[in-house]
Amino acid sequence: MEYASKNKIKHIEDEHDHDHEHDESSIKTFGFWVFLITDLILFATLFATYTVLRTRYNGGPTGEELFEIPIFVAETFILLTSSFTSGLATLGLKRKNPKIVIGWLIVTAILGLAFIGLEITEFTTLVEEGAAISTSAFLSAFYVLVGTHGIHVSAGIIWMASTIIQIARYGITKDTEHKTYIVTLYWHFLDVVWIFIFTVVYLIGVM
Amino acid sequence: MLESIKTFAADFFVTGDPLIYGADVSILLVTIAVIFVLTYFKKWNWLWREWLTTVDHKKIGIMYLIASLLMMFRGGVDALLMRTQLAFPNADFLPSDKYNEIFTTHGTIMILFMAMPLMFALFNMVVPLQIGARDVAYPFLNAVSFWAFFFGAMLFNLSFVIGGSPDAGWLSYAPLSEVQFSEGPGQNFYIWGIQISGIGSLASGINFLVTILKMRAPGMKLMKMPLFSWSVLSSCIIIIFAFPILTVTLGLLFVDRFFGASFFTLDGGGNPMYYINLIWMWGHPEVYLVVLPAFGVFSEVVSTFSKKKIFGYKSMVFALLSISLLSFFTWVHHFFTMADYKVDAFFAITTMAIAIPTGVKVFNWMFTMFRGRIQMKPPMLWTLAFIPTFLVGGMTGVMLAVAPADFQYHNSYFLIAHFHQVLIGGVVFGFFSGIYYWWPKIFGFTLNEKLGLWAFWLWNIGFYSTFMPQYALGFMGMPRRSSTYGWDMGWWPLNFVSTIGAFLMGAGFIFQVWQIIYSVRQGKKDTTGDPWDGRTLEWSIPSPPPEYNFAVIPTVEQQDDFWYKKQQGKSMKPTKYKSIHMPKNSGIPFIMGSFWFIAGFGLTFEWVWLGIIGLIGVAVSIVARHLQKERDYYIPAEEVEKTEASIGGAR
Amino acid sequence: MSKENQEIQKDFNAYVIGFSLSIILTIIPLVLVLYGMLDKTMLIIAILLAASLQFLVQIYYFMHLKENKNRGYILITLAVGIIIAVTVVGGSAWVMNF
C-alpha cells in the first residue's frame, strides 16, 4: 500500500509537464527586480521632496549646523561593508556550505544593526538639539527620507533572520538558496540608495 | 460611565442625517441577511475554502468584478444625490458640507474602487487564458492584492457611517486636507483606504507584468501576442512607475497630519503646491492606465466581430507603449495656472502629443471594421458607442491642453464634462464591452441580449443628456464643486436636463443588474467554449475553464492562432495528458488583508495601539508566508483526463 | 583547482573589486567636499557623478545581473525606471521653481 502510493508520487514527478515548467526561481527573481525598481521610484519621490524643500529652514537649523561628519561617514562604511559581506554569503551558497552562508549573513545582520543603532543615536541627538520633524520643512524631508531607508534596513534585518533560521533548519535547498539570493539582492539595493542619501543629503548638506 | 459612552458614540458614529440612518439600517440588514443565508445553507466552509482562500485567477477576477459593481452602485448613488441637489436653483436637499463629502467620495470611489478593480477583474479573467498560462506568475501575491484592495475599499466606505466622510475633493489637495482645515477622521480614512488598496494595485502591476513577459505559451512571441494582453502590459508599466509616487504622497500627508511635519502646510516652510505637483505625477498616469486596457478590449472586440485581423497591429503596439511612456510627461496640465509659462508650454505640447498615438488607434479600429462582416453583438455595440464619445472627449481634451485657454476652462463644468466623457465613454464603455465579451467564458452562460439592449440605450442617451449640457454650463461660467446656484444665473434648464440624463444612466445600471440576475437563472449555457467565433487562445478551452485552464499548454504559431487553426480544421484537443503543477490555496492573504484593515482603522482614529497591533499582524503574516514550505501540489494526469472528459463538448 | 572552485574564486574576485571600487568612489567625494577642492557647481556635479558610478559598480559587481536569465527585461525596466526617477526629481525641481 505504502509502496504503491510512493510509486505514484514518483510517477507524478517524472511525468509532469516538464517542457512547460517555467523556471520558477528565475521568474521570482525577475519579479523581485521589478519590485526593487518600484522601490527606486519611491525613493526618487522622496529625493524630489528633499530637493524641493531643502532650503526651507523656517528659521531653524541648517544641514551644515546639524550633520556630524564622523557619524554619517561611519554609517556609510558600515553599510558598504555589510553589502560586501552579504555578497560573501552568496559565495557560500555556491560552495554548498550552510555554515559559511549563515556566518556571513549573521555578520551582515550585525553590521545592519550597528547602522540602525547609529542612525537612532543620530536622530535622538538631533531632536535633543531642538531639530525635530515639525521644526521645518527641511527637517521633515530629511527625517522621512533617511527614516524610510532606515525602516527598509530594519525590515531587511528581520528578513535576514528568517532566512538564517530556514538555512539552519533545512540546509541549502533550492528554496533556501533562492531566498538567500533575494535577501542579499535587497541588501545591495539598500546600499545603493544609501550612497545617494550620503551624497545628496549629507555631503551637499555640509558643503 | 453611561454618559461617556454616549458622547463617544455621538462622535464615533455619524449622526443627524436621515440618509446616514438609512445607510446604517441597510448595512445592518444586509449583514444580518448575509450571515443568516450563509449559516442556514451551511455555506461558511464553502465560502472559506472556495473563495476567501483561493489563489485561482478566475475566482479572484470574479471577486474583483462583484466588488467593483457594488462600488459602482455606491458611487452612482453619490452622483444621483449630487444631480438631485443641482436640479433646481437654491435647493436645500443637501447642505454644502454634505455636498462636499459626496463629490469627494464619488470621485475617489469611481476611480480607485470602481474603475481600478473592474480593470483588475478583466486582467485576472482574461490575461492568463489569452496567453496560454495556467495562472499568473505569483498566484499568492494575486490574492494578497485582491484582499488589500478589498479591505482598503471597505475602510474607505466605512467613513460614511463611522467617523465622517472625507470632504477635501477626490485628490485631497493640501492645505485643505491638512489637520488645520480637516481635523476629523474623514481625511485619515481617505489616506489609509487608498494607501492599503494602492499597495494591492502595485503588487498586481508587478504580477501581471511578469506574467505577460514570462508565462506566455511556447511560440507566442511578443509580437504575436493578442492586443488586449499588450494593453495590459502597457498599463502595468504605468502602474509600477506611478503607484510608488502615490504611496509617498499619501505617506507624506499622513506624516504631516500625524507627526506634525510640514511638507504641505502653510506654516513651517511647507509648500501646498508641492502636494499638487506630486499627486498629479501619479494622477495623470493613473487615468491613462485605466483607459489602456479598454483600448485593448476594443481591439479584440472589433477584430472578432468584423471577422478580420486587426488593422495595423504593429502601430497599435507602438501606440500603446508610447502612450504609457508619454503619460509620465504631462502632469502639469492639471495646474497650468500655478506653473511658470515655460513649464506650461512644455507640458501643453506633451499633452497634445498624446493625441497622436490615440488617433492612430481610432483609425486602426475604423480600418479594421472597413469592409468587415460586422456582427452587432453586445460587445460590439459598446465599442461602436465608444468611438464617437471618446472622440469628442479627446477633442475637448486638446482644447483644455491649450494652456492660455485653460485659464478660462479650468475648474468649470467644461472640465467636468470633458473627463466624464473620456472616463465613461472610454473606460466604462470599454470595460462593459469587455465584460459582455468574456462573460460566457468565465461564467459558462450568455447574458440576455434584450435586457442588455435596454441598458445600452439608457446608458447612451443618459450619457449625452448629462454631459453635453455641462459643456455649455462650463462656458456659461458654472464652477465645479458648487453645491447650489441662484435663479438669476440662467443655469437651471441645462442643469435640469443634466439631472434627467444622470437618472437615465442609473436606470441603465439597474437594467444591467436585472440582466445578470435574469441570465443566472435563464441564460443560455455556452457548451462550445467559443460563442463568438473568437480568434485567441481563451476560446480554445471549455467555458468555464477548469481550474488548470489548459490541460496541455498549446503551442502558438502566429497571431490569432486559434482562428487560423479553426480555418484549417486543426483540432487543439490534446491526446495525451500529464500531471499538472498547481499552487495551494492559502488563508494568509485574507488574514493579512484583515490586519491591514485593523491597522488602517487604528491609524484613522489615531488609536496608536490598534494601529500597531494591525501592523504587527501584517508583518507576522508576511514572515509566516516566508517560513512556509509546501506551497504547491500536483493534479495527477488521470484526474486531468477525467475532468476533461466530463467537461467534453467544448472545442 | 576544479572548475567549480575557479568559478567561486572568480566571483570572490568580483566582490573584492566591487568593494574596493565602492570604497574609492566614497572616499573621493568625501575628500573633495571636506577640503572644498572645487567650486560649488563643479563639486556637486563631481560627487553626483561619483555616486552614479558607484551605482553602476554595485549593479555590475554585486547584483549578479550578468548571470541573470532575464537581464534583457531587467535592464529595459531599469532604464525606464531611471528615466522616470530623473523626471520625478528634475521635473519637480523645475516645476516648483516659480
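No experiment lies behind these values; they were computed from the predicted model shown. (Residues numbered from 1 in each chain as written. Chains lettered and ligands numbered in written order. Predicted model: local features only at pLDDT ≥ 70, side-chain atom pairs only at ≥ 80, totals over all residues. Heavy atoms only, no water.)

1. Describing the interface of chain C and chain B
Then step 1. With 15 residues of chain C at the contact, the number on the chain B side is 23 residues.
Then step 2. Surface buried jointly by chain C and chain B totals about 1600 Å² across both partners, of which 82% is contributed by carbon and sulfur atoms.
Then step 3. Sorting the residues of chain C by area buried against chain B places Tyr73(C), Trp94(C) and Val95(C) first, and these three jointly supply 33% of that buried surface.
Then step 4. Inspection of the region where chain C meets chain B yields 0 salt bridges.
Then step 5. Applying the counting rule to chain C against chain B returns 3 residue pairs in polar contact (both at pLDDT 80 or more).
Then step 6. Among the residues making up the side of chain C that touches chain B, the classes are represented as 9 nonpolar, 6 polar and no charged. (Contact = heavy atoms within 4.5 Å. Buried area = accessible area lost by both parts, 1.4 Å probe. Salt bridge = Lys/Arg side-chain N within 4 Å of Asp/Glu carboxyl O. Polar contact = N/O pair within 3.5 Å; in protein donor to acceptor, adjacent residues only side chain to side chain. Nonpolar A, V, L, I, M, F, W, Y, C, P; charged D, E, K, R; others polar.)

2. Describing the UniProt feature "domain: Cytochrome oxidase subunit I profile" (unreviewed entry) in chain B
Then step 1. Mapped onto the present numbering, the UniProt feature "domain: Cytochrome oxidase subunit I profile" (unreviewed entry) falls at residues 40-557 of chain B.
Then step 2. Here residues 40-557 of chain B runs as 69% helix and 0% strand, with 52 Å between its end C-alpha atoms. (UniProt positions renumbered as here; feature names shortened; annotations may be inferred. Helix = DSSP H or I, 4+ residues; strand = E, 2+ residues; numbered from the N terminus.)

3. Examining the UniProt feature "transmembrane region" (unreviewed entry) in chain C
All names here are of chain C.
Then step 1. Sites flagged by UniProt as "transmembrane region" (unreviewed entry) map to residues 12-35, 41-61 and 73-96.
Then step 2. Overall, residues 12-35 shows 96% helix and 0% strand. The separation of its end C-alpha atoms is 35 Å.
Then step 3. Secondary structure content for residues 41-61 is 100% helix and 0% strand, and the end C-alpha separation is 30 Å.

4. Quick notes on the side chain of Gln130(B)
Residues and elements named next belong to chain B.
Then step 1. Note that Gln-130 resides in helix 5 (residues 96-130).
Then step 2. For Gln-130, a relative accessible area of 0% gives the class buried.
Then step 3. A distance of 3.4 Å separates the side chain of Gln-130 from the side chain of Glu-300, its partner in a polar contact.
Then step 4. Those residues in contact with Gln-130, other than ones at most four positions away along the chain, are Met-220, Pro-226, Phe-228, Ser-229, Glu-300, Trp-438, Thr-536, Leu-537 and Glu-538. (Buried < 20%, exposed > 50% of the residue type's maximum accessible area, 1.4 Å probe, protein only.)

5. Notes on a nonpolar patch on the surface
Then step 1. Nonpolar side chains collect at one region of the surface, where Ile69(A), Ile27(C), Val31(C), Leu34(C), Tyr35(C), Met37(C), Leu38(C), Met42(C) and Ile45(C) lie side by side and expose about 830 Å² of accessible area between them.
Then step 2. Looking at the nonpolar patch, the elements that each hand over two or more residues are helix 1 (3-34) and helix 2 (40-61) of chain C.
Then step 3. Top contributing element to the nonpolar patch by residue count: helix 1 of chain C, with 3 residues.
Then step 4. With respect to the secondary-structure elements, Met37(C) resides in the loop between helix 1 and helix 2.
Then step 5. Given the relative accessible area of 52%, Met37(C) is considered exposed. (Patch = residues over 30% accessible without salt bridge, like charges linked within 9 Å, V, L, I, M, F, W, Y side chains within 5 Å. Areas by Shrake-Rupley, 256 points an atom, 1.4 Å probe, with all protein chains shown as cover.)

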